[in-house]
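# Understanding the architecture of this molecule
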Amino acid sequence: MEIFEGIHTRRSIRHFTDIEVRKEDLDEIIKAGTWAPSGLNNQPWRFAVIKDKDMRYDMAQLTKYGKIIENAPVCIAVFADKDAMYNDVKDHQAVGACLQNMLLAAHALRLGAVWLGEILKNGDEVRKLLELPESMDLMAVIAIGYPASKGKTPQRKDVSEVLLKEI
Ligand SMILES: Cc1cc2nc3c(=O)[nH]c(=O)nc-3n(C[C@H](O)[C@H](O)[C@H](O)COP(=O)(O)O)c2cc1C
């Protein structure tokens, strides 16, 4: 998939078929995440892959978007490792870039995915559920699967509306 086509046609997908996602594809998605830029190349991102149905059910109770987590064949929880961080803003920006790379990689593999942020209100509960150390700070959960329906096409502001200045 050509990069501009990927950027423009990626949509948040919230309904999935039951078809399992291949481990090779999950590894490819995580690898794409790890090729994001990061300040000082510190690569503060960490990942947990959750396929287990019972675990997804428990995670689903921690967000009002739980149905998406329950119905996706797999989720990837993405953390910032506080022990690897050097600057809050820059490290969070890096994990954001990592997340976008992952969404684009999923799209290139013809998978659907959505970035779930509402669950961050219970980030610590997610971390405890996954039995991860306190140094792991939840940044997002990505639900992934083969799309069962097309994502809506939300509008975007025109460039002229967001461009502040061109000197
Ligand atoms: C930081 C962040 C948090 C988000 N949290 C959620 C969420 O909790 N639930 C959800 O359904 N979508 C969530 N989304 C997806 C957005 O709703 C979606 O990206 C936006 O509506 C634009 O649609 P598009 O991704 O199809 O272009 C989130 C996206 C971002 C970047």
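Before reading further, recall that the structure is shown in the block above.
Now for a description of the structure that goes with this document. (Residues numbered from 1 in each chain as written. Predicted model: local features only at pLDDT ≥ 70, side-chain atom pairs only at ≥ 80, totals over all residues. Heavy atoms only, no water.)

### Let's talk about the nonpolar core
Counting residues in each nonpolar core, the largest one holds 25 residues, and the members touching the most others are Ile29, Ile76, Met102, Ile142 and Ile144. Mapped onto this core, the elements with two or more residues apiece are α2 (23-34), β2 (74-81), α5 (88-108) and β4 (136-145). Sorting elements by how many residues they give to this core places α5 first, with 8 residues. Within the second largest apolar cluster, 22 residues are counted, among which are Ala48, Met59, Ala77 and Leu138. (Core = buried A, V, L, I, M, F, W, Y, C linked by side-chain atoms within 4.5 Å. Buried < 20%, exposed > 50% of the residue type's maximum accessible area, 1.4 Å probe, protein only. Helix = DSSP H or I, 4+ residues; strand = E, 2+ residues; numbered from the N terminus.)

### Looking at helix α3 (residues 53-60)
When we look at burial in α3, the residues that qualify are Arg56, Met59 and Ala60. Angular distribution of buried residues about the axis of α3 spans 100°; they occupy a single face of the element. With a side-chain oxygen lying 3.2 Å from the backbone nitrogen of Asp54, the N-terminal cap of α3 falls on Asp52. (Arc of directions from axis to C-beta. Polar contact = N/O pair within 3.5 Å; in protein donor to acceptor, adjacent residues only side chain to side chain.)

### Details of the packing of α2 against α5
Following both chains from N to C, one finds α2 and α5 inclined at 145°, their axes separated by 7 Å at the closest point. Note on packing geometry: the crossing formed by α2 with α5 is right-handed. Residues Ile29, Ile30, Ala32 and Gly33 of α2 form the contact with α5, whose participating residues are Cys98, Asn101, Met102, Ala105 and Ala106. (Axes fitted to C-alpha atoms, helices over the stretch in contact; angles between N-to-C directions. Left-handed = near helix turned anticlockwise from the far one by under 90°. Contact = heavy atoms within 4.5 Å.)

### A short note on a nonpolar patch on the surface
A surface patch of nonpolar side chains, about 320 Å² in accessible area, is lined by Ile3, Phe4 and Ile7. Residue placement: Ile7 occurs in helix α1 (residues 3-9). (Patch = residues over 30% accessible without salt bridge, like charges linked within 9 Å, V, L, I, M, F, W, Y side chains within 5 Å. Areas by Shrake-Rupley, 256 points an atom, 1.4 Å probe, with all protein chains shown as cover. Salt bridge = Lys/Arg side-chain N within 4 Å of Asp/Glu carboxyl O.)

### With respect to the sheet that holds strand β3 (residues 112-116)
Backbone-to-backbone hydrogen bonds join strands into a sheet, with any given pair of strands oriented parallel or antiparallel. Ordered by their spatial adjacency, 4 strands build an open sheet running β1-β2-β4-β3, and the pairing between neighbours is antiparallel. Sheet topology places β1 (45-50) and β3 at the edges, where each strand pairs with a single neighbour. Averaged over all pairs of adjacent strands, the angle between their axes in this sheet comes to 25°, without regard to strand direction. The pairing of β2 with β4 spans 8 bridges and is antiparallel. Residue Val78 lies in a different strand from β4, and its bridge partner there is Ala140. Docked against the sheet, α2 engages β1, β2 and β4, running at close to 165° with respect to β1. (Pairing = 2+ DSSP bridges.)

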